[in-house]
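Letter by letter, the chains look like this.
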Amino acid sequence: MTIYHYLFIGLLLFLIGLLGSVLLKSVIKILISIEFMLLGVNINFITFATYCDNINYEGYIISLFYIALGAVELAVALYIFYLMFRKKESDNIEKYGDL
């Protein structure tokens, strides 16, 4: 596989996440879509680190940072969603317009 295949996979995952976060109404599905976007960015970082950066490991380090950032973001977002769900008892994003 060439670099273009990996970049296309990263772009495809990012676009799936972007469309999912814009079009979907469920909070959980939006969080999963954001994780897809982060995964697409990570694939691009790893691709450029593998094909273009033979001396430094900056792409791998940034990718590990993004994985940790995604885990923290998901934990905080799930806790906020838990608090909102206890109040409204729905996962539909349109019911949270008053917050």
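Residues numbered from 1 in each chain as written. Predicted model: local features only at pLDDT ≥ 70, side-chain atom pairs only at ≥ 80, totals over all residues. Heavy atoms only, no water.

**Q** Just to check I follow, could you spell out the overall build of the protein for this structure?
**A** Along its length, the protein carries three helices and zero strands. The C-alpha atoms of the protein give a radius of gyration of 17 Å, which is well past the 13 Å a tight globule of 99 residues would have. On the principal axes, the C-alpha backbone points of the protein span a range of 50 × 25 × 15 Å. The buried share of the protein, reckoned over its 99 residues, is 23%. Pairs at least 24 residues apart make up 56% of the contacts formed inside the protein by residues separated by at least 6 positions. (Helix = DSSP H or I, 4+ residues; strand = E, 2+ residues; numbered from the N terminus. Rg over C-alpha atoms; globule rule 2.2 N^0.38 Å. Buried < 20%, exposed > 50% of the residue type's maximum accessible area, 1.4 Å probe, protein only. Contact = heavy atoms within 4.5 Å.)

**Q** How should the packing of aromatic side chains be read in this particular structure?
**A** How two aromatic rings sit relative to each other is set out by the distance from centre to centre and by the angle between their planes. Using the criterion set out here, one finds four aromatic pairs in the structure. Seen in terms of ring centroids, Tyr6 and Tyr51 are 6.2 Å apart; in terms of plane orientation they differ by 45°. Their pairing is tilted. Separated by 45 residues along the polypeptide, Tyr6 in helix α1 (residues 3-23) and Tyr51 in helix α2 (residues 27-52) bring together distant segments of the chain. With a relative accessible area of 31%, Tyr6 lands in the partly exposed category. On the basis of relative accessibility, which here comes to 37%, the residue Tyr51 falls in the partly exposed class. Each residue in the set Phe45, Phe65 and Tyr66 is aromatic and connected to the rest through ring pairs, giving one cluster. (Phe/Tyr/Trp six-rings, centres within 6.5 Å; stacked < 30°, edge-to-face > 60°.)

**Q** Explain the side chain of Ser33 here, please?
**A** Here Ser33 is to be found in helix α2. Using a relative accessible area of 5% as the deciding quantity, one classes Ser33 as buried. If we ignore the near neighbours within four places in the chain, the residues touching Ser33 are Gly17, Gly20, Ser21 and Leu24.

**Q** Just checking my understanding: could you explain the environment of Asn42 for this structure?
**A** Note that Asn42 resides in helix α2. Linking Asn42 and Lys29, residues 13 residues apart in sequence, is a C-alpha distance of 20 Å. Setting aside residues no more than four positions away along its own chain, Asn42 makes contact with Ser63, Tyr66 and Ile67.

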